[in-house]
Number of protein chains: 2
Amino acid sequence: MKLQLAVDRVSIEKAIGIIREAESYIDIIEIGTSLIKDFGLESVRRIRREFPEKAILADIKTVDEAEYEFEAIYQAGADIATVLGASSLETIRICQQVAQKYQKDYMIDLLETSAEKQLELKQFSDGILCVHLPSDKSTGLQALIESTLAQIDDFPRLAVAGGIKPENIAEIKKANFEIAIVGGGITKSADIRETAKIFKSLVG
Amino acid sequence: MKLQLAVDRVSIEKAIGIIREAESYIDIIEIGTSLIKDFGLESVRRIRREFPEKAILADIKTVDEAEYEFEAIYQAGADIATVLGASSLETIRICQQVAQKYQKDYMIDLLETSAEKQLELKQFSDGILCVHLPSDKSTGLQALIESTLAQIDDFPRLAVAGGIKPENIAEIKKANFEIAIVGGGITKSADIRETAKIFKSLVG
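What counts as what
Every chain begins its residue count from 1, and numbering advances along the sequence as written. Both sets of labels track the order of writing: A upward for chains, 1 upward for ligands. Only residues with pLDDT of at least 70 are given local features in this predicted model, and only at 80 or more are side-chain atom pairs given and counted; all residues enter the totals for whole chains, interfaces and linings. To obtain the side-chain values, all non-hydrogen atoms of the structure were included, while hydrogens and water were left out. A run of DSSP states H or I qualifies as a helix once it reaches four residues; a run of E qualifies as a strand once it reaches two. Both are numbered from the N-terminal end. Computation of the radius of gyration draws on C-alpha atoms, with the globule rule given as 2.2 Å multiplied by the number of residues to the power 0.38. Buried residues are those whose accessible area, probed at 1.4 Å on protein chains only, stays under 20% of the maximum for their type, while exposed residues exceed 50% and partly exposed ones sit between those limits. Contacts were defined at the residue level, with two residues in contact if any of their heavy atoms lie within 4.5 Å. Shrake-Rupley sampling with a 1.4 Å probe provides the accessible areas, and residues are treated as covered by the protein chains on show and by no other component. Neither His nor the chain ends contribute to the count of charged residues, in which Lys and Arg are positive and Asp and Glu negative. Taken as the charge centre is NZ of Lys, CZ of Arg, CG of Asp or CD of Glu, depending on the residue. Lines are fitted to the C-alpha atoms to define the axes, a helix being fitted only along its stretch in contact, and any angle between axes, read from their N-to-C directions, falls within 0 to 180 degrees. Each angle is binned into one of four classes, with values under 35 degrees roughly parallel, values over 145 roughly antiparallel, values of 65 to 115 roughly perpendicular, and all other values oblique. Here a crossing is called left-handed whenever its near helix is offset anticlockwise from the far helix by less than a right angle, and right-handed whenever the offset is clockwise. Ten residue types, Ala, Val, Leu, Ile, Met, Phe, Trp, Tyr, Cys and Pro, are classed as nonpolar, four, Asp, Glu, Lys and Arg, as charged, and the remainder, Gly among them, as polar. Following DSSP output, two strands are said to pair if at least two bridges run between them. Residues below a pLDDT of 70 in either copy are left out; the C-alpha atoms of the rest, at least 70 in both, set the least-squares superposition of the copies. UniProt positions are given in the numbering used here, feature names are shortened, and annotations may be inferred rather than shown by experiment. As used in this record, nonpolar core signifies buried Ala, Val, Leu, Ile, Met, Phe, Trp, Tyr and Cys residues forming a set joined through side-chain atoms within 4.5 Å. The handedness of a crossover follows from its direction of travel: if, with the strands pointing away from the viewer, the path from the first strand over the helix to the second runs clockwise, the crossover is right-handed. Note on terms: buried area is the combined drop in 1.4 Å-probe accessible area of two parts once they are placed together, counting the loss on both. Note on definitions: salt bridges are taken to be side-chain nitrogens of Lys or Arg within 4 Å of carboxyl oxygens of Asp or Glu. Whenever a nitrogen or oxygen atom comes within 3.5 Å of another N or O atom, the pair is scored as a polar contact, on the condition that within protein one atom can donate a hydrogen and the other can accept it, and that pairs from neighbouring residues in sequence are kept only if both atoms are in side chains.

### Some thoughts on the overall build of chain A
Along chain A, the regular secondary structure elements total 10 helices and eight strands. Rg of the C-alpha trace for chain A: 16 Å, near the compact-globule value of 17 Å for 204 residues, within the 12% margin. The principal-axis extents of the C-alpha atoms in chain A amount to approximately 40 × 35 × 25 Å. Looking at chain A residue by residue over its 204 residues, the buried ones come to 59%. Taking the intrachain contacts of chain A between residues at least 6 apart in sequence as the baseline, contacts between residues at least 24 apart amount to 64%. Accessible area of chain A: about 8,000 Å², with a carbon and sulfur share of 48%. Between the averaged position of the 25 positive side-chain charges in chain A and that of its 33 negative side-chain charges there is a distance of 4 Å.

### Considerations on the packing of helix α4 (residues 66-76) of chain B against helix α5 (residues 89-102) of chain B
Residues and elements named next belong to chain B. The geometry of α4 relative to α5 is characterised by a closest axis approach of 9 Å and an angle of 30° between their N-to-C directions. The pairing of α4 with α5 is recorded here as roughly parallel in orientation. Once α4 is placed against α5, the crossing between them reads as right-handed. Two secondary-structure elements touch here, α4 through Ala-66, Glu-67, Phe-70, Glu-71, Tyr-74 and Gln-75 and α5 through Thr-91, Ile-94, Cys-95, Val-98, Ala-99, Lys-101 and Tyr-102. Tallied by class, residues from the contact of α4 with α5 come to eight nonpolar, two polar and three charged.

### Re the sheet that holds strand β1 (residues 2-7) of chain A
Residues and elements named next belong to chain A. Read around the closed barrel, the eight strands follow the order β1-β2-β3-β4-β5-β6-β7-β8; overall the barrel is parallel. Within this sheet the neighbouring strands show an average axis-to-axis angle of 25°, counted without direction. Bridging between β1 and strand β2 (residues 28-31) involves four bridges; their strand directions are parallel. The residue of β2 that forms the bridge with Gln-4 is Ile-28. In this fold helix α3 (residues 42-50) packs onto β2 and β3 (55-62), with an angle of close to 155° to the strand it touches most, β2.

### Quick look at the relation of the copies chain B and chain A
Screw-axis analysis of chain B against chain A gives a translation of 0.0 Å along the axis, an RMSD of 0.0 Å, and a rotation angle of 180°. In short, the pair behaves as if placed about a two-fold rotation axis. When C-alpha positions in chain B are compared against the rotation axis, the closest is assigned to Gly-40 of chain B, at 2.0 Å. When the interface residues of chain B are mapped onto chain A, 100% of them are again interface residues, pointing to one common binding face.

### Examining the UniProt feature "domain: Orotidine 5'-phosphate decarboxylase" (unreviewed entry) in chain A
UniProt tags residues 2-199 of chain A as "domain: Orotidine 5'-phosphate decarboxylase" (unreviewed entry). Taken end to end, residues 2-199 of chain A has its terminal C-alpha atoms 10 Å apart, with 44% of it in helix and 21% in strand.

### Quick notes on the sheet that holds strand β6 (residues 128-132) of chain B
Residues and elements named next belong to chain B. Reading around the barrel, the eight strands line up as β1-β2-β3-β4-β5-β6-β7-β8 and close back on themselves, with parallel pairing between neighbours. Ignoring which end each strand starts from, the neighbouring axes of this sheet average 25° apart. Where strand β3 (residues 55-62) and strand β4 (residues 80-84) come together, three bridges link them in parallel fashion. Bridging across to β4, Ala-58 finds its partner in Ala-81. In the packing of helix α7 (residues 141-152) onto the sheet, the strands contacted are β6 and β7 (158-161), and the crossing angle to β6 comes to about 145°.

### Side note on the nonpolar core
Membership of the largest hydrophobic core comes to 64 residues, with the highest contact counts inside it found for Ile-47, Phe-70, Ile-73 and Ile-164 of chain A. When sequence neighbours within four positions are dropped, the list of residues in contact with Ile-47 of chain A reads Ala-15, Ile-16, Ile-19, Ile-29, Ile-31, Leu-35 and Ile-56 of chain A. Core analysis: the second largest hydrophobic core is formed by 62 residues, Leu-129, Val-131, Leu-141 and Ala-180 of chain B among them.

### Overview of the pairing of strand β5 (residues 105-109) of chain A
All names here are of chain A. With four of its five residues buried, β5 lies for the most part within the structure. Bridge count between strand β4 (residues 80-84) and β5: five bridges; the pairing is parallel. If you follow Leu-84 over to β5, its bridge partner there is Asp-109. Handedness of the β4-helix α5 (residues 89-102)-β5 crossover: right-handed. Pairing of β5 with strand β6 (residues 128-132), which is carried by three bridges, proceeds in the parallel orientation. Among the inter-strand pairings, Ile-108 is bridged to a residue of β6, identified as Leu-129.

### Focus on the environment of Leu-141 of chain B
With respect to the element layout, Leu-141 of chain B can be found in helix α7. Each C-alpha atom of the pair Leu-141 of chain B and Val-131 of chain B lies 8.9 Å from the other, and the pair is 10 residues apart in sequence.

### Remarks on the interface of chain B and chain A
Taken together, the contact between chain B and chain A spans 34 residues of the former and 34 residues of the latter. Taken together, both faces of the contact between chain B and chain A bury some 2,900 Å²; the carbon and sulfur share is 49%. Taken as a group, Lys-37, Tyr-68 and Asp-136 of chain B account for 26% of the area that chain B buries against chain A, more than any other trio of residues on that side. Of the charged contacts, one joins Arg-9 of chain A and Glu-65 of chain B as a salt bridge, the two residues approaching to 2.8 Å between their closest N and O atoms. The tally of links between chain B and chain A comes to 24 residue pairs in polar contact (both at pLDDT 80 or more). Elements that contribute at least two residues to the side of chain B that touches chain A include exactly α2 (33-39), β3, α4 and α5 of chain B. Considering only residue class, the side of chain B that touches chain A consists of 13 nonpolar, nine polar and 12 charged.

Given below as structure tokens:
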């Protein structure tokens, strides 16, 4: 699996420092939703400039106004942008079209989507579906993975986020995830570099 | 009804200019989602400074990390913050608690919520429920209002957004909306001041 490091709730400067420490062990930098809402597109532009060669996911969580938001985020330097699976299919289709226009990737966040909606989302077969335990809920990742994969486990590109720890990675690796997303588990550790190294060795 | 003016897809300076023109005829300034995602909390702080006496809604559309986002947005100067009704009930409950702590309002955006979820959301009786036609869908406001009010028409505080025009305000006024939200219908008009005046006279 690829390791995606989600960074937010800090200044842009601090975010850059965190990413710098973990850089060698991560495959994708995630500019977290709160970083975008705190600092706007400047967060994406600044981190793009600092890490010109690294894949960047901007967790913009579009739910409407898809053309405007996706155009802006790709132009700011994102390689992957996110849209909520809870959005209308019209909105997600626009995200897909803008991603195709920019030859970039898009990720559909399954946060709080119903089983019916998850089945409908399989039509977006060039996207990445992300099984996501909200941080406002603290437990239940494994149950969420199982109930979601019952609908989508044959989808080509899958990611997983929320509550991934060294202790549960072996279980997560049994499923067909392309990307494991880790945030505070790395960014809040005492030794970011060493913790990122451990996570990379576990997911790899 | 109160008239709420939604402003986005422009610079902060341009947004301030638009609000200045419409100021006399609007009750609530809405800092639109895209303005927050483009410029971050600075958009809220700047507009708060320019309009210290006016009610400000920040359309932050929280869907997770509710405590962090709601604390930040109220501290930046918002009087009302938004959370997606599609969020988990845990997330919305945290928004409610932060709103109570700051003695501010919160609005639950019903964008793409199911009838079942709308019924569940009635427990948040100190919030404002917003019937919202996505801008990525261009028609169907009246049908959306009817199908939504079948669940929530006895809810104390209701707002409506998406596709409100001078031609359909009479129909909208038949329902018990406290707030009518208008964006491009005013901000893209050739004479913003005059158009805001017309909308205010129609909703009033």
